[in-house]
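Descriptive analysis of the structure
Each chain, written out:
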Amino acid sequence: MEIPYTVAERPDTGVNNVKLGIWLFLASEVMLFGGLFSTYVILRLGGTDWPLGSDILSVPIGTFNTAVLIGSSVTMVMAHASLKMNQFDQFKKYMGLTVLLALVFLTVKSYEYFDKISHGDLPSASTFLAIYWTMTALHGLHIIGGVVVNGYFWGPGSKMFHSRPEMFANRVEAAGLYWHFVDLVWIFLFPVLYLL
Amino acid sequence: MENVTTAEQVSHAEHGHDEHHELSFLQSYVFSLDHKVIGIQYAITAMLFLLLGFTLMMIMRWQLAFPYTPIPVIGGLLGQNNAQFIAPEFYNSLGAMHGTIMVFLGVVPLAVGGFGNYVLPLQIGAPDMAFPRLNMASYWTFFCGGVVMFASFFVPGGAANSGWTSYAPLSVIATEGQTWWLVGMIFLITSSLLGSVNFIVTTLQLRAPGLSFMRLPFFVWAQLVTSFLLLLAFPPLEAAGVMQLMDRVADTSFFMPAGLVTGDGPLEISGGGSPLLWQHLFWFLAHPEVYVLILPAMGIVAEVLANNTRKPLWGYRVLVASVIFLGFMSFIVWAHHMFMTGMGTTMSSFFQTTTMIISVPSVVILSALLISLYGGSIRYPVPMLFALAFLPMFAIGGLTGLPLGLTAPDLHFHDTYYVIGHFHYVVAPGTIFALFAGIYYWYPKATGRVMSELLGKIHFWGSFIAIQFVFTPMFITGLAGMNRRLYDGGLEYAHLQEVVGWNATMSYGAWTLGFFQIFFIFNFFWSIRNGKKVDDNPWKATTLEWQAPSPPPHGNFTSPPEVHRGPYEYSVPGADKDFTMQGEADPAKA
Amino acid sequence: MSGSHDDTQHHISAYRKVAGALAVLTVVTVLASYIEVGVALGIVLALIIATTKGSLVASVFMHLKDEKSLWLTGTLILTVVFWFVLMLIPIMGRMDNVGTYKPLPNANAVAHEAH
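Residues numbered from 1 in each chain as written. Chains lettered and ligands numbered in written order. Predicted model: local features only at pLDDT ≥ 70, side-chain atom pairs only at ≥ 80, totals over all residues. Heavy atoms only, no water.

Observations regarding the overall build of chain B
Looking only at helices and strands, chain B features 15 helices and four strands. In terms of overall size, chain B behaves like a compact globule, its C-alpha atoms giving a radius of gyration of 25 Å where 590 residues would be expected to give roughly 25 Å. Summarising its shape, the C-alpha atoms of chain B cover approximately 80 × 55 × 50 Å along the three principal directions. The long-range share in chain B, meaning contacts at least 24 apart out of those at least 6 apart in sequence, stands at 79%. Here chain B displays about 22,100 Å² of accessible surface, and carbon together with sulfur accounts for 67% of that area. (Helix = DSSP H or I, 4+ residues; strand = E, 2+ residues; numbered from the N terminus. Rg over C-alpha atoms; globule rule 2.2 N^0.38 Å. Contact = heavy atoms within 4.5 Å. Areas by Shrake-Rupley, 256 points an atom, 1.4 Å probe, with all protein chains shown as cover.)

Written as structure tokens, this is what we have:
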């Protein structure tokens, strides 16, 4: 017996397994980052003093990275749309761009990290830096995970397009949902850490 | 369904059959993708950890019963520090690790990972879990977490010793074992998340044709709600675990207030953190976790009761509604563990109220199970004995919890043996007895043989009597004010002199309980080869798993099951036998 | 995969609009942070913009706008409810003092700079 509804929607629930699975995973991620945002608020409310993010972090660099990540989210939806229109070359182009932009984000983030380390702004220096490092590092790990998955679908995994195109599009959609979520987290992280 | 099998399906089936023969030993028993093998892996690992956790407690109980005397026989094996008597630091490690192992490595993996994995796909008529690879990854992540936890006993300073709750700031300045504890927890949480995604997708998506939600066995409902609890309550603790790890290895101050002074002088940290934050994030998981422990147990008991009373469960719809409501409410009661933290009367009143509310669905479930007995022609095989014992034991555990949920009495009870007695009545003679019921009940499905009745009855009666001697005295000592973490059992306190004698009683009870588990362990392994052979449905049960061969082959069912009726159609008037299986076609339509 | 070719074209034009909106809102949120409106109002403003951006991503890029599965949306609503419960933790210790004024820490920080 094959496992049913891996690609097709189940009529009474209206989803297929992969889509439901990735959304459930994202629900747990919402709670994971929720715990960290809650921590941010409690530490800030409890502190006697709290620095302005822009005094410690570089707003231009942060803005640039925000733009990069939003851009990669756009290329990701385009990659999925290309698959739905059966344009494999377009898919390759957009997926490649997505991975590339993610790598740009990581490079810029690493530069920021090294800059912080060289100024002695380690997590232990203050509560603000502690939450900054923890949240961005956890987010960075999610980016790395996304690069691995998207890179796989861009490279060796894309062979599946020729044998089972529907299943492949399905998986790319799931990878895309994850990637947009990572982008969404950054959309909140950026103002919270850099601007407020 | 059989008639419309397409050629493609046939070729797939044959393909699957061929694959089955090609699987190597590693593929079929170690890195298996089959939910039944993974379920058994979970169950065996979890039972080993239950034994380990129980052993730790039996060692602790020596120090409590006979303080400052050498442990006979095994005393020499515990290292030089403990040769004379158990060192205080080691005692703390034993306590912390007993709780951690029992909850996170024993009961939950057995109830959810073991029974959930093995029984749930069978009960809904699915060929496997929705994501078999994820399932395997979940088990091995759990296994790694277990290895890290176990290894932590051998690091300098021993295993974690700040209690299973790991309250900051104590845990942040504790020995290296705490770092291992946190890493282990991160593994275990990740494993739970992977598992719960899999369970929810499987339950919603892979139900056999005709198996609507109101035809699901109660066990499946319980597992579904449990999975949602794990999915949404565990991540905040993962975040908290990461932050405590940062506090320990990167010297941050998430949970560390400014101006903290230890025996070595002032701590050199930036400060500004909140110790209470850890408690909030910990209990945000750990209270739903209590329901993760109890809901699958209730599910097992419901199955066994319906089967052995030979009548439908009373109030199936009410049971389902209660279990959903219970799951929802369990997210907004956590701070009743924190009445003593001074969070203020407003919040205390709120959480006291929600705690009283959550007791209502628990009582509804218990009452429905109890009423289900009325008018049944009850059989008493071993699983039924354990299931019946669950009812009063869970009732004692639940009712003794009520005073703890009210702020005023909690001031007195907090952190005493009363609390220990309360939650152990819920978890030990409650959940663990239900898990024993499940093992005896589904053993024939997994092996094709039943476990020995005689050994099972010895195991049951011995355990049932011994366990009362362990936990009932705890209410007495707790009411007298004995603190739960005292190293010498209260020997040095004037107000406890009248009750310290109970410590020895409890210890003898615990060791007797341990002795009677030998019958179970022997029975479990002996029956694999020597148990009485039985057919596919030895208990004459109605749910789908009994329609599959014993043990079920790869892919579970010989023909795709189709469901025609509710889960508990026992003694239907006019039927030719006293059980009508879910997969049986309606004679009128046939 | 139910979407036809035309559907996808329709989606793509929506993606373009959202991409533009996200870019504009990113600029707006940075510019807004330079306006001196006080800490509390600044936080509210930044969170409103971030929430708008987040909703756009979730509804269009993640296709929640067209989601019909009750199980999926139900799960997400449940998640949001518990997320808010989680976000209540910081104010839980202060519930007895509702109504008493406590300046936000950042106000002090700005005041220090002014001196």
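Some remarks on the overall build of chain A
Secondary structure summary: chain A contains seven helices and zero strands in total. Its helices and strands taken in sequence order, chain A reads α-α-α-α-α-α-α from the N to the C terminus. For chain A, the spread of C-alpha atoms along the three principal axes comes to 60 × 35 × 20 Å. Going through the 196 residues of chain A one by one, you find that 62% of them count as buried. For chain A, restricting intrachain contacts to residue pairs at least 6 apart in sequence, the fraction spanning at least 24 positions comes to 76%. For chain A, the computed accessible surface area is about 6,900 Å², with 67% contributed by carbon and sulfur atoms. (Buried < 20%, exposed > 50% of the residue type's maximum accessible area, 1.4 Å probe, protein only.)

Regarding helix H4 (residues 88–118) of chain A
Compared with the 45 Å implied by 1.5 Å per residue over 31 residues, the 45 Å span of H4(A) between its first and last C-alpha is a close match. Taken from the residues just after H4(A), Gly120(A) is the one with a positive phi, measuring 75 degrees. (Expected span 1.5 Å × (residues − 1).)

Quick word on the nonpolar core
One finds Leu295(B) and Trp334(B) to be the most contacted residues of the largest nonpolar core, which totals 291 residues. Discounting residues that sit within four places of it in the chain, Trp334(B) has contacts with His280(B), Trp283(B), Phe284(B), His287(B), Phe351(B), Val85(C), Ile89(C) and Met92(C). (Core = buried A, V, L, I, M, F, W, Y, C linked by side-chain atoms within 4.5 Å.)

Some thoughts on the interface of chain A and chain B
In this complex, chain A contributes 33 residues to the contact, which on the side of chain B involves 42 residues. Of the roughly 3,000 Å² buried between chain A and chain B on both sides combined, carbon and sulfur atoms contribute 74%. Connecting chain A to chain B are one salt bridge. For Arg207(B), the salt bridge identified is with Asp12(A), shortest N-O distance 3.2 Å. One can count seven residue pairs in polar contact (both at pLDDT 80 or more) joining chain A with chain B. Looking at the side of chain A that touches chain B, the elements that each hand over two or more residues are helix H1 (17–46) and helix H5 (127–154) of chain A. A class-by-class count of the residues in the side of chain A that touches chain B yields 19 nonpolar, 11 polar and three charged. (Buried area = accessible area lost by both parts, 1.4 Å probe. Salt bridge = Lys/Arg side-chain N within 4 Å of Asp/Glu carboxyl O. Polar contact = N/O pair within 3.5 Å; in protein donor to acceptor, adjacent residues only side chain to side chain. Nonpolar A, V, L, I, M, F, W, Y, C, P; charged D, E, K, R; others polar.)

Focus: the interface of chain A and chain C
Counting residues at the interface gives 54 residues for chain A, matched by 52 residues for chain C. In this assembly, chain A packs against chain C so that about 4,500 Å² is buried in total across both faces, 75% of it on carbon and sulfur atoms. Sorting the residues of chain A by area buried against chain C places Trp23(A), Leu45(A) and Met85(A) first, and these three jointly supply 14% of that buried surface. Counting the contacts that link chain A with chain C gives one salt bridge.

Details of the environment of Lys311(B)
Residue and element names in this part refer to chain B. Its location among the elements puts Lys 311 in the loop between helix H8 (275–309) and helix H9 (316–329). On a C-alpha basis, the gap between Lys 311 and Val 572 in space is 8.3 Å, while along the polypeptide they are 261 residues apart. Setting aside its immediate chain neighbours within four residues, Lys 311 contacts Ala 306, Ile 371, Ser 372, Tyr 374, Gly 375, Gly 376 and Tyr 570. There is a polar contact of 3.0 Å between the side chain of Lys 311 and the backbone oxygen of Ser 372. At a separation of 3.1 Å, a polar atom in the side chain of Lys 311 contacts the main-chain carbonyl oxygen of Tyr 374.

Notes on the packing of helix H13 (residues 417–447) of chain B against helix H14 (residues 453–479) of chain B
Residue and element names in this part refer to chain B. The N-to-C vectors of H13 and H14 enclose an angle of 165 degrees; their axes lie 7 Å apart at closest approach. Between H13 and H14, the angle falls in the class roughly antiparallel. The handedness of the crossing between H13 and H14 comes out as left-handed. Of the residues belonging to the contact of H13 with H14, the class tally is 16 nonpolar, 10 polar and no charged. (Axes fitted to C-alpha atoms, helices over the stretch in contact; angles between N-to-C directions. Parallel < 35°, antiparallel > 145°, perpendicular 65-115°, else oblique. Left-handed = near helix turned anticlockwise from the far one by under 90°.)

Things to note about helix H7 (residues 165–195) of chain A
Residues and elements named next belong to chain A. Here H7 spans 44 Å end to end across 31 residues, near enough to the 45 Å set by a 1.5 Å rise per residue. When the local axis directions of H7 are compared, the greatest deviation, roughly 30 degrees, occurs at Leu 189, which is followed within four positions by the proline Pro 191. Of all 31 residues in H7, 27 are buried; the element is thus mostly enclosed. (Bend = angle between axes of the 7 residues up to and from the residue.)

Here we look at the pattern of salt bridges
What the rule picks out here adds up to 11 salt bridges over all chains. Between Arg10(A) and Asp12(A) there is a salt bridge, with its nearest N and O atoms 2.6 Å apart. Since its relative accessible area comes to 7%, Arg10(A) is described here as buried. A single salt-bridge network, built from bridges that share partners, covers Arg10(A), Asp12(A) and Arg207(B).

As for the environment of Thr165(B)
Residues and elements named next belong to chain B. For Thr 165, the location among the structural elements is in the loop between helix H5 (132–151) and helix H6 (177–205). For Thr 165, a relative accessible area of 6% translates into the label buried. Thr 165 has contacts with Trp 278, Phe 282, Trp 283 and Arg 485, leaving out every residue within four places of it along the chain.

Structural notes on the confidence of the model for chain B
Residue and element names in this part refer to chain B. In the predicted model, chain B carries a mean pLDDT of 92, and 96% of its residues have values of at least 70. A low-confidence stretch, residues 1–20 (pLDDT under 50), is modelled with seven contacts involving residues beyond four sequence positions or located in other chains. Quick note on the complex model: pTM equals 0.93, ipTM equals 0.95. (pLDDT = per-residue confidence, 0-100.)

Some details on unusual backbone geometry
For the bond from Ala168(B) to Pro169(B), the omega torsion is 0 degrees, close enough to zero to count as cis. Within the secondary structure, Pro169(B) is located in the loop between H5 and H6. The omega angle of the peptide bond from Ser550(B) to Pro551(B) is -15 degrees, so this bond is cis rather than trans. With respect to the secondary-structure elements, Pro551(B) resides in the segment after strand S4 (532–533). The phi angle at Asn86(A) is positive, at roughly 65 degrees, despite the residue not being glycine. Residue class for Asn86(A) comes out exposed when judged on its relative accessible area of 56%. Unlike most non-glycine residues, Tyr68(B) shows phi in positive territory, near 60 degrees. Inspection of the secondary structure puts Tyr68(B) in the loop between helix H3 (35–65) and helix H4 (88–123). When its relative accessible area of 35% is taken as the criterion, Tyr68(B) is described as partly exposed.

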